[in-house]
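Next come the chains, spelled out residue by residue.
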Amino acid sequence: MPDTHGPLGDEMLRHIDQHVGQRLRAGRESLDVSSDELCGHLSVSRKVLRRYEAGETPIPASDLYQAARFLGVKIEFFYEELIPGSGLRKNGRKNHGWG
């Protein structure tokens, strides 16, 4: 089957989904925001949030935007520290986008 996702490919897209999900969870936990609080803000079930945070389900742009606003971070926070070659710039700043 041909690669339908352009130059990034399925494996890289899965990696990005996992990275963004991990950052969502790390941000939520570091601010002591419960999964129930974030679920309520995003209007999603705990199961859906677990799938987002595990990288099993790509996070829709609208949910990622709402999560960023709720957590008080910039959208870029979720993409920081991606590995080289992902097509996205690695951010070496010590400030990880909080507040």
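Note that the coordinates shown come from a computational prediction; the quantities given were computed from them, not determined experimentally. (Residues numbered from 1 in each chain as written. Predicted model: local features only at pLDDT ≥ 70, side-chain atom pairs only at ≥ 80, totals over all residues. Heavy atoms only, no water.)

Engineer: How do you make sense of the nonpolar core when you look at a structure like this?
Structural biologist: Most often, soluble globular proteins have nonpolar side chains that are buried together. Ranked by size, the top nonpolar core spans 20 residues in total, and within it L24, L38, L49 and F78 carry the most contacts. Residue assignment for this core shows that the elements contributing at least two residues are α1 (9-30), α2 (35-42), α3 (46-54) and α4 (61-71). Residue contacts for L24: discarding those within four places in its chain leaves L38, L49, Y52, E53, I59, A67, L71 and F78. (Core = buried A, V, L, I, M, F, W, Y, C linked by side-chain atoms within 4.5 Å. Buried < 20%, exposed > 50% of the residue type's maximum accessible area, 1.4 Å probe, protein only. Helix = DSSP H or I, 4+ residues; strand = E, 2+ residues; numbered from the N terminus. Contact = heavy atoms within 4.5 Å.)

Engineer: Looking at this structure, I do not really get the packing of α1 against α4. What am I missing?
Structural biologist: The angle between the axes and the distance between the axes are what describe a pair of packed helices. As a packed pair, α1 and α4 sit with axes 11 Å apart at the nearest point and diverge in direction by 25 degrees. With respect to α4, the axis of α1 lies roughly parallel. Regarding α1 and α4, the two cross each other, and that crossing is left-handed. In this structure, α1 contributes V20, L24, G27 and R28 to the contact, and α4 contributes L64, A67 and L71. Each residue belonging to the contact of α1 with α4 can be placed in one class, and the counts come to 5 nonpolar, 1 polar and 1 charged. (Axes fitted to C-alpha atoms, helices over the stretch in contact; angles between N-to-C directions. Parallel < 35°, antiparallel > 145°, perpendicular 65-115°, else oblique. Left-handed = near helix turned anticlockwise from the far one by under 90°. Nonpolar A, V, L, I, M, F, W, Y, C, P; charged D, E, K, R; others polar.)

Engineer: Could you clarify how one ought to interpret the packing of aromatic side chains in this entry?
Structural biologist: Two descriptors summarise a pair of aromatic rings, namely the distance from one centre to the other and the angle between the planes of the rings. All chains considered together, the criterion is met by 1 aromatic pair. Plain terms: the ring middles of F77 and F78 are 5.3 Å apart, the flat faces sit at 75 degrees to each other, and that makes the pair edge-to-face. The same class applies to F77 and to F78, which are both buried. One residue, R23, lies across the ring of F77, its end atom 4.0 Å from the ring centre. (Phe/Tyr/Trp six-rings, centres within 6.5 Å; stacked < 30°, edge-to-face > 60°. Lys NZ or Arg CZ within 6 Å of the ring centre and 35° of its normal.)

Engineer: Looking at this structure, I do not really get the environment of G21. What am I missing?
Structural biologist: Here G21 lies in helix α1. Taking C-alpha positions, G21 is 8.2 Å from R51, a pair spaced 30 residues apart along the chain. Apart from the residues lying within four places of it in its own chain, the contact partners of G21 are Y52, E53 and I59.

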